[in-house]
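As a plain string of letters, each chain reads:
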Amino acid sequence: MTEGKEKKAYPADMMEKLVSLCKRRGFIYQGSEIYGGLAGTYDYGPLGTALKNNIKNLWWRMFVDGRDDMYGMDAAILMNPRVWETTGHVAGFADPLVECTKCKKRFRADQLEDRTKCPACGGTTGAERQFNMMLSTRVGAMEDSSSISYLRPETAQGMFVNFKNVVDSFHPKMPFGMGQVGKAFRNEITPRDFIFRLRELEQMEIEYFVKESDWSRAFEEWRVAMNTWIDVVGIDRARVHEVEIEDRAHYSKRTIDFEFDYPFGQKELYGLAYRTDFDLSRHSEASKVDLSYRDEEAGEKFMPHVIEPSFGLDRTMLAVLLSAYTEDTMGDSPREYLKFHPCVAPIKAAISPLLKNKPELVEKAREVYAMLKKEIPQIMWDDNGNVGKRYRRQDEIGTPFCIVIDFDTLGETPEHKDTVTVRDRDTGTQQRLQISELTNYLKNAIF
Ligand code: GAP
């Protein structure tokens, strides 16, 4: 899948540049920053939120609304703790932990070069133990062990426990799937690398139910669909690797990880797992509710098997930002900009009058802005500084088009009356378009 694509090298200080751009331009801030932050949490600012929503909506359109065999869900984050006992998370959702006997810092043992040596102070680490990553909380007024619950560590279980509800409401034919986007929480020992390893994260997950005999066909179908997504959302294909995982989670019989070349190494972006009938069978057994599927036409009843394509939303954001980040020289000056695919760009077009002290230009520009805003809400009014500076600012946040209303628009050159200039972010080229053509032009380019 990577043939013909040349891999772009990152600048040496790529992460510093990206983190700084994301903060400066309102994409991503450190969580609770004014109090010194909270490790493993980040807050998405206005542009980050817009980018994230565009990615979520694209995913939902492609994998839920755009298909006849998918059902959307939005399950509660808090679930009955028996869910997590049944799935094995209470007993086994853990990472190996070591603690330094001298400075008391804790590390994930499998991420250390030498598990016996503290990378912070050089001291010796104590015995390795398993550290459960589920974040627990108390639900209700009781403060005994019966009130303990967990913030879900994956969105998946919200779909498994609703399997029967969806079947009873919609009577779907096999194969079919459920899709959900939502928060998940993991008490990571060492959150790190910006939004790569978080304690509060967001997932976009699919549980696709099949007959056991159909699992490898469905697995392949979803492998292809995940690759299509990678291209559509604007993740640099040349930096993606499919890796067959041998050391799989306890529930999986086959797993492929989609790994991405981040500046800090090749690491997981997404996972595709064949979860067998593990979850539905375990929940059936533990809840005493029969979760098998009855195929009336074929006159058979069976426990469905599951293919699970799992997409981390924050890692998607990181891979999209890293793929879009570009440095080049335009005119005589170097520029740093985000080459987003227009469908995910937080701002689709910026509208400005050539000069902001000419009321006739401002009035016409406001008219064009109001006309476009009705049809394409993610546009921006920008009359700060001169046009050159506006272009650079918009390039930096990845706005694909800048539209300028000038004296020709007002009829100074009669053949250009009611036309505007539309400048392309990537090439810097400008074309004149009729105002009446603008909405369609932008819609075609964006969606
Ligand atoms: N339901 C299966 C599941 O949760 P996972 O591989 O543990 O599988 C799925 O997680 C995806 O969630 C990962 O591929 C990654 O994109 C994202 N993810 C997992 N842990 C994360 C973390 N600590 N921070 C950010 N994203 C994370």
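Asks: Outline the overall build of the protein chain, listing residues and values.
Replies: Within the protein chain, the regular secondary structure consists of 13 helices and 24 strands. With the C-alpha coordinates aligned to their principal axes, the bounding extent of the protein chain is approximately 80 × 65 × 55 Å. A total of 447 residues make up the protein chain; the buried ones form 50% of that total. Pairs at least 24 residues apart make up 65% of the contacts formed inside the protein chain by residues separated by at least 6 positions. If you sum the accessible surface of the protein chain, you get close to 21,100 Å²; carbon and sulfur atoms cover 49% of it. Looking at charge distribution, the protein chain has the averaged site of its 62 positive side-chain charges lying 4 Å from that of its 71 negative ones.

Asks: Please set out the packing of helix α2 (residues 46–65) against helix α9 (residues 313–324) residue by residue, giving values where relevant.
Replies: Interhelical geometry of α2 versus α9 gives an angle of 110 degrees and a closest axis separation of 11 Å. The orientation of α2 relative to α9 falls into the category roughly perpendicular. Contacts from Gly-48, Leu-51, Lys-52, Ile-55 and Lys-56 of α2 reach α9 at Leu-313, Asp-314, Thr-316, Met-317, Val-320 and Leu-321. Tallied by class, residues from the contact of α2 with α9 come to six nonpolar, two polar and three charged.

Asks: Give a detailed account of the nonpolar core, specifying residues and quantitative values.
Replies: Grouped together as the largest cluster of nonpolar side chains are 63 residues, with contacts concentrated most on Phe-27, Ile-55, Trp-229, Ile-235 and Phe-340. Sequence-distant contacts of Trp-229, defined by excluding residues within four places in its chain, comprise Ile-55, Leu-58, Trp-59, Met-62, Phe-63, Met-204, Tyr-270, Phe-311 and Thr-316. Of all hydrophobic cores here, the second largest spans 20 residues; its members include Val-368, Phe-401, Ile-403 and Ile-405.

Asks: I'd like to hear about the site of the ligand, residue by residue, with values.
Replies: Among the 20 residues in the neighbourhood of the ligand, the closest are listed as Glu-154, Arg-186, Glu-205, Glu-268 and Leu-269. Within the contact set of the ligand, an oxygen atom lies 3.1 Å away from a side-chain nitrogen or oxygen of Gln-203. Between the ligand and the protein, one listed contact pairs an oxygen atom with a backbone N or O atom of Gly-312 at 3.1 Å. For the ligand, whose free accessible area comes to 550 Å², the fraction covered by protein is 91%. Looking at the shell around the ligand, the elements that each hand over two or more residues are β11 (200–210), β14 (265–276) and β17 (305–312). Sort the elements by how many residues they give to the shell around the ligand and β14 lands first, with five residues. Per-class residue counts for the shell around the ligand are seven nonpolar, four polar and nine charged.

Asks: Describe the pattern of salt bridges, naming the residues involved and giving the relevant values.
Replies: Scanning the entire structure with this criterion turns up 41 salt bridges. The salt bridge partner of Glu-396 is Arg-24, with a shortest N-O separation of 2.2 Å. One end of the pair, Glu-396, is in helix α11 (residues 387–396); the other, Arg-24, is in helix α1 (residues 14–24), with 372 residues separating them in the sequence. Arg-24 sits in the partly exposed class, given a relative accessible area of 45%. Its salt-bridge partner being Lys-417, residue Asp-418 comes within 4.0 Å of it at the nearest N-O pair. With a relative accessible area of 29%, Asp-418 lands in the partly exposed category. You can call Lys-417 partly exposed: its relative accessible area is 45%. Through salt bridges with shared partners, one network takes in Arg-67, Asp-69, Asp-214, Arg-217 and Glu-221.

Asks: Report on the sheet that holds strand β8 (residues 135–138), specifying residues and quantitative values.
Replies: A sheet is described by the order of its strands in space; here three strands give the open sequence β4-β9-β8, paired in antiparallel fashion. Pairing within the sheet leaves two strands with one partner each, and these edge strands are β4 (78–79) and β8. Here four bridges tie β8 to strand β9 (residues 148–151), and the two strands are oriented antiparallel to one another. Note on β9: the bridge partner recorded for Arg-138 is Ile-148.

Asks: Explain the pairing of β17 to me, using residue names and the numbers behind them.
Replies: When you tally the buried positions in β17, you get eight out of eight residues, the bulk of the element. Residues of β17 alternate between two faces, with His-305, Ile-307, Pro-309 and Phe-311 on one and Val-306, Glu-308, Ser-310 and Gly-312 on the opposite face, all of them buried. One ladder, built from six bridges, connects β11 with β17; its direction is antiparallel. Paired with Tyr-208 across the two strands is Ile-307, which belongs to β17.

What counts and what doesn't
- Residues numbered from 1 in each chain as written.
- Predicted model: local features only at pLDDT ≥ 70, side-chain atom pairs only at ≥ 80, totals over all residues.
- Heavy atoms only, no water.
- Helix = DSSP H or I, 4+ residues; strand = E, 2+ residues; numbered from the N terminus.
- Buried < 20%, exposed > 50% of the residue type's maximum accessible area, 1.4 Å probe, protein only.
- Contact = heavy atoms within 4.5 Å.
- Areas by Shrake-Rupley, 256 points an atom, 1.4 Å probe, with all protein chains shown as cover.
- Lys, Arg positive; Asp, Glu negative; His and termini not counted.
- Charge placed at Lys NZ, Arg CZ, Asp CG, Glu CD.
- Axes fitted to C-alpha atoms, helices over the stretch in contact; angles between N-to-C directions.
- Parallel < 35°, antiparallel > 145°, perpendicular 65-115°, else oblique.
- Nonpolar A, V, L, I, M, F, W, Y, C, P; charged D, E, K, R; others polar.
- Core = buried A, V, L, I, M, F, W, Y, C linked by side-chain atoms within 4.5 Å.
- Near = heavy atom within 4 Å.
- Polar contact = N/O pair within 3.5 Å; in protein donor to acceptor, adjacent residues only side chain to side chain.
- Salt bridge = Lys/Arg side-chain N within 4 Å of Asp/Glu carboxyl O.
- Pairing = 2+ DSSP bridges.

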